Each structure stands twice: as structure tokens, then as C-alpha cells.
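What follows is each chain in one-letter form.
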Amino acid sequence: MDNISQYKPIKQYLKERILDVLVEFEITDVIPKIEVPSDIDNGDFSTNIAMVSAKRLNKKPLELAVQIADTLTGKKLKYINSVSAVAPGFINFYLNFDWLYELIDYVLSAGIDSFSKLNLGDNKTVQIEFVSANPTGPLHVGNGWWAAYGDSLARLLVRCGYNVSKEYYVNDTGGQIRTLGESILASKNKTEPPNNGYKGGYIDDLAEQYSGGDDVNEVGKWAADIILKEIKETLLKMHVEYDSWYSQNYIEQGGAVEETLNELTQKGLIYQKEGATYLASEQLGDTRDRVLIKSNGDITYTCGDIAYHRDKFKRRGFDKVIDVFGADHHGQIASLKSAMKALDVDPSNLEIQIGQMLSLVGGKMSKRAGNFVKLDDLLDEIGVDAARLMSLMTSIDQATVLDIDLIKSTSMENPVYYLQYAYARICSIQQKATEENFGLPKIDDINLKLLVDQREISLLKVISEFEDVMVDAADSRRPHKITAWARQVAAAFHSFYHDCRVLDTNEIELSTARLALVEATKISLAVALEILGVTLLEHM
RNA sequence: GCCCCUGUAGCUCAGCAGGAUAGAGCAACUGACUUCUAAUCAGUGUGUCGCAGGUUCGAAUCCUGCCGGGGGCACCA
């Protein structure tokens, strides 16, 4: 494990060396930014520090860059072949390959369990709530989109040292359950469905199965139970497992609403108007005051939602809560945040990730209109891996138009095969290596310096980026950045595979070094695919 | 009217805590399998980064305005 503790990412190393020099120039309040130049001619890494601080020192950027570069050169630092300053003031670092060989050493020592296992979260408890679709119909592909997002975000945060709990909030009470019951009865009795009722084949199927009485609430509950069971099965098929299924009914009946109302009343934030009970939320940042109890005595959804979120923080004690909502629920943010403030919960611990809407080429998806593509059907057609990866290719900020026919055709399936194929090729090499007795000796006995091919170096450089990508993806809550990296490493590996024969009995030493590189690739790719929830295939 | 996203190649989208010549996949066209899997690789072409200003040594990226697209603005959930 020595190698793990000794290992220092190259960017950090360069940053520290630059900081050392900056002190000599009496620059102390700037953190140098280290970048990989887009053009390799500009070095392996570069920094803009001279341009950023030139003005303050009353110097020309290039002049300062030259001075810093010369100072760095004078120190004859490890890894660094040369440092040069170039207009308009970049300082470029040209490195030898030692840092890449140390990277292999590090990745192999850490292994799949420890490599890129970060501690950004400090073991804080985070709850991620996602999908939470009403049990009034089967999940559609839009629900699946966010299921993949929420689940991969959870996996990512776990890897980054958070203690994560995944939750599905089941809206098993209220008007929509009633409407569901009415819709089923209408289908059974061949009468007109209610306004805003649910249509679609599943309603008729349920009506056929139903044999009980005519109480709409009873019918609705009966149907919701069946639908929820199907939802759970579909999510399992998508490899999404929840830690808890929390019931709205429980929130409303189990004392949470009462406690919440009491607390708000004590704080003097409740008032009556026109027979309804209001929360004075506008003064706390909401766009208007909210009705908590309707004039007919029913609890509003907002009221239940506030109690639910209070429950998350105050009863269950999560440090942080991340809700994944569709853009159509954007309006809830101000209400929830202001309500948390009212309840003395720091609103910044309630993070709401808004996913932009998904639509089909033919139009929007709506359960009420009976116009949607079932997630279940999509999973059957293209498989869980393609479905998940497809959802994790783009940012959730991007409203996406799905062409279902295109997805079903082979073209959109390629990205997932591309990743899985890279992994399968790795396994294939390793299996052959075992069969032909290419042992992988201890890391210290491998001559990694034989890895000098451009393909090998490129592959290593991609692997070296992984931890930065993890941090970025986790901090920004954007797991699709992992997808982008995975595609890069797969591309680099495929190119390497094509140009560099790994197993060659005439070049045992080189083969051994390449096997180490292959293993490092395997470890990093496996971590990425595990986060994305894409199955690792040893054969294809 | 107000609020949240968004406008990048023919299509779908990356890139956006500012950085050097704007990328990938798909689609089109060329080449490469007696080899560890060709579900692969190598190559060819494509852009007023919606428009106009501003900040900056430097803007697809930040700010302002305008135009276009999506989603909200309930005693629905």
C-alpha cells in the first residue's frame, strides 16, 4: 500500500512546484491552474499563472512567464524535461514519462476497490430521491432517463465517500389515486372516463382483472398497489435498487404533517384565510404564500411535501438531501426551500436537480393521454446497458428529443458496445496471457520504461485524468462526465490494441509491461462502468 | 408579465470554475482481418458556436439586451 500513500497526482505536484516559485516572486494569493494544452506541441501541461498575475506585479505577462519558467528550469525538477514560456504568457511543461509509469504502479497497487475511491463526502449522509413517479401507470422512458441519472449519481457519490441512501417517494394518496379508480371503473362499466382521467391499455387490463366493489378509493388503492409492484420490477430490470420506498400516506397519517404544522404554528408562520390554512412563505423567499390545508379540510400536496422533507432532515437526520425532479416540478423549489428555512433547516442542504423534459419525435409523453413508450418495452428491446448509457450521455440540463425508432436501430446502440467491447478485449488478452503463461510479476520487476509508444502514452494520459473527472462529475452532480471519460479511455484502448500487440513470446519484457498497462486500463474502466451501471462483459 | 433550462457540423450531443488551431458519435466516402474478438482501427469533408454589445492580454464559455425552442407560475399532484 506504500505506493498509494506516496502517489501524488502530477497536476498537484506541478502546482506545488509553481507555488514554491511564486513565493519567490511574492505572489501568494493565487492558485495556479494547470491545464493540458489542446496541442501537444505546447507541452504536456501548461499554466496561465503569469498572465493572471502580471498586472499586479506591473510586469508584462510574457516577461514574467520567462522569469518563472527560468526559475523552474534552474531547479532541475523531477519529471520535468523542460519549461518554456510562450506568448502571450503561457508557461508550458514538457515532461518525461516517469509520472505515467508511477501512475501504473499506483493504479495496480490500489486495485479496483481503492483506485479513485475519494473522500469528498467525509462519510456524510446523503439521501437521493428520484423517479418517484405516481403509481397511476407504468414507467415511461422519461422516468427511466432520470432513474439512470439518480442511480448513477448515487453510485458516484458512494465512490466519493458519501453515505448514500436512495429513496422513491410513493404518492399513494390524494386526488390522482381517486382519478385512477374512476378511470378503471369507467372502463369496466363502459362509461365515459373522467376529466383528466387515465387512458391507455393498462387501464382496460386492470378493469378486466378487477372484481371488487364500486368505491373509487378502494379501486384506486387496489390498482396503485399492482402498478407499484410493476414499477419496482421495471426498476430492478434497469438495475436500480432503492434503499427505501417512502409513502405519502405514511407522511400524512403517521404524524409528520401534524408535527410540521405544529412547528410552523409555533413559529407564527401560519394563518387562516377564506377557510384555508396558509404558510406565510413569501417572506421567506417563496413567490407566494402556500395553502397547507384546503377549505374542505384536505391536506395539500405542498403540505405533505414540506412534512416529507422535514422528515428527511429532522426525523431521519440526513446531512444532505438531493431531489431529482423533472422540469415540470420546478415550481416546487422555492416553496420547499423557503419551508426548510422556516423549519430551521439550512436550505443549501436541500439540493434540487432539475432534469429537463424528454420528448418523443411524435410529441410529448403523457400517462393521461395514454401516449408514451413504456420503459419496460424499451428495456426489452435494447437492453438495460444501452438504455442506461443512452440516458447518461447527455447533461440533464439538456431537453432531449428522442427518436425511439432510431434508438431501437443499431446506430444508437454503438456507444455501449464500444465500451463493453474494450473491456471484453482486455479480458480476452488476460485470458490468453494466462493460457500462454505470461505471468504478471511484481510491479517492481516490470520494466515499465518500455512503454514509449504514442498509443501507450495517450492511453496512460487518459487514465491519469480519471480522478479529476470523478471529482468534477461528483461536485457538479453530472454523471454524464463519467460517460465521456469512459468513451475516451475506450477509444484510446482500441487504438492501442490495434497498434500494439500485447502478447509476443519474442518480447516477453515488453509484453509484461503492456500487460500492466492493460490491467490499469481494466481497473479504471471497470470503476467507470460500475458507476454508470453498465455490465462488465468478459466475452462478447 | 415573472422564474428555470436551452440555441455549437446534415442529425444527436460533448466542451462552458475563460486559454493557444472548437470536438465526438451517427450519416457519406477511402483504406486495413493467416494476428490478443473488425461490435475495431486509420483516413477524407463539414461550422457567421442564435444575433448584437460589454468585460478581458484572451470569450463557445462571464455580463447585458434582443430573437428562437422547452418547462413552470393552483385550495392538481
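The present account deals with the structure reproduced in this document. Since the model is a prediction, treat every value here as computed from it, not as a measurement. (Residues numbered from 1 in each chain as written. Chains lettered and ligands numbered in written order. Predicted model: local features only at pLDDT ≥ 70, side-chain atom pairs only at ≥ 80, totals over all residues. Heavy atoms only, no water.)

1. What about the nonpolar core?
Phase 1 of the analysis: Among the nonpolar cores identified, the biggest contains 147 residues, and I68, I91, F93, I128, L157, Y168 and I482 are the most heavily contacted of them.
Phase 2 of the analysis: With 14 residues, the single largest contributor to this core is helix α20 (residues 508–532).
Phase 3 of the analysis: Contacts of I91, omitting those with residues within four sequence positions, involve F45, S46, T47, I49, A50, A65, I68, A69, V83, S84 and A85.
Phase 4 of the analysis: Among the nonpolar cores identified, the runner-up in size contains 29 residues, and A256, L261, A307 and I333 belong to it. (Core = buried A, V, L, I, M, F, W, Y, C linked by side-chain atoms within 4.5 Å. Buried < 20%, exposed > 50% of the residue type's maximum accessible area, 1.4 Å probe, protein only. Helix = DSSP H or I, 4+ residues; strand = E, 2+ residues; numbered from the N terminus. Contact = heavy atoms within 4.5 Å.)

2. Regarding the environment of R501
Phase 1 of the analysis: With respect to the element layout, R501 can be found in the loop between α19 (480–499) and α20.
Phase 2 of the analysis: Judged by relative accessible area, which is 57%, R501 ranks as exposed.
Phase 3 of the analysis: Along the chain, R501 and S511 lie 10 residues apart, while their C-alpha atoms are 8.1 Å from each other.
Phase 4 of the analysis: A distance of 2.9 Å separates a polar atom in the side chain of R501 from the backbone oxygen of L503. (Polar contact = N/O pair within 3.5 Å; in protein donor to acceptor, adjacent residues only side chain to side chain.)

3. Brief notes about the sheet that holds strand β9 (residues 276–279)
Phase 1 of the analysis: Pairing within the open sheet is antiparallel, and its 3 strands lie in the order β8-β9-β10. Both edges of this open sheet fall to β8 (270–273) and β10 (290–293), since each of them pairs with a single strand only. Recorded for the sheet is a direction-independent mean angle of 45 degrees between the axes of neighbouring strands.
Phase 2 of the analysis: Of the pairings in the sheet, the one linking β9 to β10 comprises 3 bridges and is antiparallel in character. Note on β10: the bridge partner recorded for T277 is I293. (Pairing = 2+ DSSP bridges. Axes fitted to C-alpha atoms, helices over the stretch in contact; angles between N-to-C directions.)

4. Details of a nonpolar patch on the surface
Phase 1 of the analysis: The grouping of Y417, Y421 and M540 at the surface amounts to a nonpolar patch, some 320 Å² of accessible area in total.
Phase 2 of the analysis: Along the chain, M540 turns up in the segment after α20. (Patch = residues over 30% accessible without salt bridge, like charges linked within 9 Å, V, L, I, M, F, W, Y side chains within 5 Å. Areas by Shrake-Rupley, 256 points an atom, 1.4 Å probe, with all protein chains shown as cover. Salt bridge = Lys/Arg side-chain N within 4 Å of Asp/Glu carboxyl O.)

5. A closer look at the side chain of S183
Phase 1 of the analysis: Within the secondary structure layout, S183 lies in helix α7 (residues 175–188).
Phase 2 of the analysis: A relative accessible area of 2% places S183 in the buried class.
Phase 3 of the analysis: One polar contact links the side chain of S183 to the main-chain carbonyl oxygen of T179, over a distance of 2.8 Å.
Phase 4 of the analysis: Excluding anything up to four places from it in sequence, S183 contacts P194, G197, Y198 and I203.

By themselves, these figures tell us nothing about what the structure is for.
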